[in-house]
Amino acid sequence: MPIENEAQLKQTIWDVVHRTPVLDIHTHLYDARFGERLLWGIDELLTYHYLIAEFFRYSPMDCDEFFDLSKREQADLVWQHVFLENSPVSESARGVLTAIGLLGQDPRSRDLGAFRRYFESKAIEEHISDVFRIGNLESVVMTNDPFDEVERPVWEDGIPGDSRFKAALRLDSLIISWDDACKSLKEWGYKVKARLDKNVYTEIKRFLVEWIEKMDPLYMAVSLPNDFDFSDKSNTAKLLHKVIIPLCIEANLPLALMIGVKRGVNPAIKLAGDGVGKADIKQLEQLCREYPQAKFMVTYLSRENQHELCVTARKFANLMPFGCWWFLNDPETITEMTRMRLELLGLSFIPQHSDARVLDQVLYKWAHSRWIIGMVLQDKYSDLWRTGWRVSPEEIERDVARLLGGNFKNFLAR
Ligand code: HDL
Ligand code: ZN
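Just so it is clear, the model here is predicted, and its values are computed rather than measured.

Basis of the calculations
Residues numbered from 1 in each chain as written. Chains lettered and ligands numbered in written order. Predicted model: local features only at pLDDT ≥ 70, side-chain atom pairs only at ≥ 80, totals over all residues. Heavy atoms only, no water. Buried < 20%, exposed > 50% of the residue type's maximum accessible area, 1.4 Å probe, protein only. Helix = DSSP H or I, 4+ residues; strand = E, 2+ residues; numbered from the N terminus. Arc of directions from axis to C-beta. Contact = heavy atoms within 4.5 Å. Salt bridge = Lys/Arg side-chain N within 4 Å of Asp/Glu carboxyl O. Pairing = 2+ DSSP bridges. Right-handed = clockwise from strand over helix to strand, strands pointing away.

### So, helix H14 (residues 281-290)
When H14 is considered as a whole, its buried residues turn out to be Ile-281, Gln-283, Leu-284, Leu-287 and Cys-288. Across the axial projection of H14, the buried residues extend over an arc of 150°, all falling on one side. Where H14 is buried, its residues contact helix H13 (235-251), strand E6 (255-262), strand E8 (296-300), helix H15 (306-315) and strand E9 (319-321).

### As for the pattern of salt bridges
A side chain of one charge can pair with a side chain of the opposite charge when the charged atoms of the two come close. This structure, assessed with the given rule, holds 34 salt bridges. Residue Arg-94 pairs with Glu-91 through a salt bridge whose shortest N-O separation is 2.8 Å. One end of the pair is Arg-94 and the other is Glu-91, both in helix H6 (residues 91-102) and 3 residues apart, which spans about a single turn. Residue Arg-94 is classed as partly exposed on the basis of its relative accessible area of 33%. For Glu-91, a relative accessible area of 15% gives the class buried. A salt bridge links Arg-164 to Asp-162, with the shortest nitrogen-to-oxygen separation between them at 2.7 Å. What you see here is one network of salt bridges that share partners, running through Glu-6, Glu-343, Lys-380, Asp-383 and Arg-386.

### Points about the pairing of E8
Across the 5 residues of E8, 5 count as buried, placing the element largely inside the fold. Across the two faces of E8 the burial is the same, with Phe-296, Val-298 and Tyr-300 and Met-297 and Thr-299 all buried. Relative to E8, E6 runs parallel, the two sharing 5 bridges. Along E8, the bridge assignment pairs Met-258 with Thr-299. Note that E8 and E9 share 3 bridges and pair parallel. In the strand pairing of E9, Phe-296 is matched with Leu-319. With H15 bridging E8 and the parallel E9, this β-α-β connection has right-handed handedness.

And the structure:
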């Protein structure tokens, strides 16, 4: 049925954005096979490191004293300070309430005990299916680390996984701290030494090929500090050029570069203590120019890098910008970035990923993002409408499917 006017156009966009299943391309979720690594429930939601950072802004409590408490005691304190004594207006706090509301709980009750009883009444497999159904998720991509002592045995045992959870091979443990990784690889029987040379590169490649075999990852990924220099003589740079990028090309796997984190700005608050720095876009320009056959999925952590990422993506078709990462994952910045990307890149980008660490977070992260992406698309298609160009409902479905998963799948298949 053709769209007759702007009101119908906006309604069609809204409906399509909300009924199109999402492929969530970067999360820290795990399927049930990984046991304790799969976080879910209200106490995990309340002790998300984003909320812990906010707790310490309200409470003078000593950090070590807080972290010595049980998860439940920490959650009680976050609930008290971030939700009850101050209205939960931040994105992370509001998100908890959106998530439990979508699960049928009543945030108006403010009854933390009732929320806990709800989650205690759920079996994990049933809960996973509920979350995927309510969140309208096609699948999520995990962050998988061969050096993680809980993950390793699960992969080595070859236990079949849940097809809704895809793998991504995360490289930080291997290439950011090569000296530590080298010790582990030696223990596992690889002929490596701290000083990198051709033979060591060959062994590292063998290690990675074996893990690609085990995990069948959709891509490889690494997060890099804002001041990382691909051309320097660091082990990380050498390993990227000598092993990682060539292997990504050979295996036709994208390399996801997540650039701009300053790890441990305040180590006292642990995971919550990482900061952000603006990176030099010249690094990415050089990389895309030097490796035209490689496929780079890139997200920057600094708001100040977003426009130049869009401009650089206009220069290189092998560069796929993705997501509103971490400190950018809030309505104000998602709106700005999505609008900028549509205006500079059309539909050729991946607007969002959840980065969820707790299963239930995908509910709020995607509910909030669908709302914003829907609002921005309504604006942009209205702008298009005013030129006299007409779009059909099928074309809107095609376009939205690309943004919420199709562009990622096409980039993998390139
Ligand atoms: O390096 C990453 O993948 C980041 O997303 C970190 O895990 C960070 O702690 C995070 O959870 N951001 O949302
Ligand atoms: Zn992440």
